[in-house]
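Remarks on the overall topology
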Amino acid sequence: RIVKRLSVKVSAPRIMCPCSCSTINVSQGLGVDLNMGVFQQPDMGKLIEFNTSCAPVFTQRAGVVALQNTADITPRVVQHLKACRDTLVPLLQAVQGVQLAPAKGGMYAFFRLEGHPDAVATAKRLVAEAGLGLAPGEAFAPQAAGWLRWCFASEDLSRLEQGVARLASWLSRNKSSSG
């Protein structure tokens, strides 16, 4: 194993973020790097929410097993995601002020909230005030500005029901905002 260490001297408050990057052992090729990223604190939220990299070895091995057993796993996953979607979508559609773009596949629901055009500010408020973690559409494309993304891949369908109840309650207390 080869390990690289990076020591950085900084004057402003910053967060050091270690990331252990591993390659899948292909024949005799082995490689491990230890990388340190230096981020100013305001960027850390974006890093955590929107950046996925450096899958650990156990995750890579799980991926290999999943690929080897696709015929067994995929139908169950698809069936469960459909059940999640079919639970969440009608509940969201029943909430006054929600405009939903139903998905035919995947594990995300995109929707807008009437009177809440700033999805970034709304997502932050929903986390703080309702305990509901949704992603703002701007994180995915400029065309998605004003939309929120809800990941409905949940092991427990009742959590989706609880989430919609939190959203509806929050909306009843916050009819609209200027952004």
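Everything below is about the structure shown above.
Residues numbered from 1 in each chain as written. Predicted model: local features only at pLDDT ≥ 70, side-chain atom pairs only at ≥ 80, totals over all residues. Heavy atoms only, no water.

Looking at the overall build of the chain
Per the secondary structure count, the chain includes five helices and six strands. For the chain, the α and β elements follow one another from N to C terminus as β-β-α-α-α-β-β-α-β-β-α. Within the chain, buried positions represent 26% of all 179 residues. Excluding contacts between residues fewer than 6 apart, the proportion of contacts in the chain whose partners are at least 24 apart in sequence is 58%. Counting only carbon and sulfur atoms, one obtains 56% of the accessible surface of the chain, whose full area is about 12000 Å². (Helix = DSSP H or I, 4+ residues; strand = E, 2+ residues; numbered from the N terminus. Buried < 20%, exposed > 50% of the residue type's maximum accessible area, 1.4 Å probe, protein only. Contact = heavy atoms within 4.5 Å. Areas by Shrake-Rupley, 256 points an atom, 1.4 Å probe, with all protein chains shown as cover.)

Remarks on the sheet that holds strand β6 (residues 148-151)
Backbone hydrogen bonds hold the strands of a sheet together, and the pairing may be parallel or antiparallel. Spatial ordering of the open sheet is given by β3-β4-β6-β5, a layout of four strands whose pairing is antiparallel. Each edge of the sheet is formed by a strand with only one pairing partner; in this case those strands are β3 (98-101) and β5 (135-136). As paired elements, β3 and strand β4 (residues 108-113) share four bridges and run antiparallel to each other. Bridge pairing in β4 places L100 opposite F111. (Pairing = 2+ DSSP bridges.)

Description of the nonpolar core
Counting residues in each nonpolar core, the largest one holds 24 residues, and the members touching the most others are L92, F111, L113, L126, W150 and L167. Looking at this core, the elements that each hand over two or more residues are α3 (70-93), β3, β4, α4 (119-130), β6 and α5 (157-173). Per-element tally for this core: the top contributor is α5, with five residues. Sequence-distant contacts of L126, that is, excluding residues within four places in its chain, are made with L113, G131, L132, L134, L148, L167 and W170. (Core = buried A, V, L, I, M, F, W, Y, C linked by side-chain atoms within 4.5 Å.)

Re the pattern of salt bridges
Taken as a whole, this structure holds two salt bridges when the rule is applied. Ionic pairing is found between D86 and R85, a salt bridge with its closest N-O pair at 3.1 Å. For D86, a relative accessible area of 48% gives the class partly exposed. Put simply, R125 and E129 hold a salt bridge, and the shortest N to O gap is 3.0 Å. Of the two residues, R125 and E129 both sit in helix α4, four residues apart, roughly one turn of that helix. (Salt bridge = Lys/Arg side-chain N within 4 Å of Asp/Glu carboxyl O.)

A short note on the packing of aromatic side chains
Going through the model one piece at a time under the given rule, you end up with two aromatic pairs. Taken together, a centroid distance of 6.2 Å and an interplanar angle of 85° make the contact between F110 and F140 edge-to-face. Here the residue F110 occupies a position in strand β4, and F140 occupies one in the loop between β5 and β6, the gap between them amounting to 30 residues. The class for F110 is partly exposed, based on a relative accessible area of 26%. Consider the rings of F111 and W150, whose centres lie 6.2 Å apart with planes at 50°: the pair is tilted. Here F111 is found in strand β4, whereas its partner W150 is found in strand β6, with 39 residues between them in sequence. Note on accessibility: F111 and W150 belong to one class, buried. (Phe/Tyr/Trp six-rings, centres within 6.5 Å; stacked < 30°, edge-to-face > 60°.)

With respect to α5
Over its 17 residues, α5 runs 25 Å from end to end, which matches the ideal 24 Å to within 8%, given 1.5 Å per residue. Listed in full, the buried residues belonging to α5 are L160, G163, V164, L167, W170 and L171. Buried residues of α5, viewed axially, fall in a sector of 125°; they line one side. (Expected span 1.5 Å × (residues − 1). Arc of directions from axis to C-beta.)

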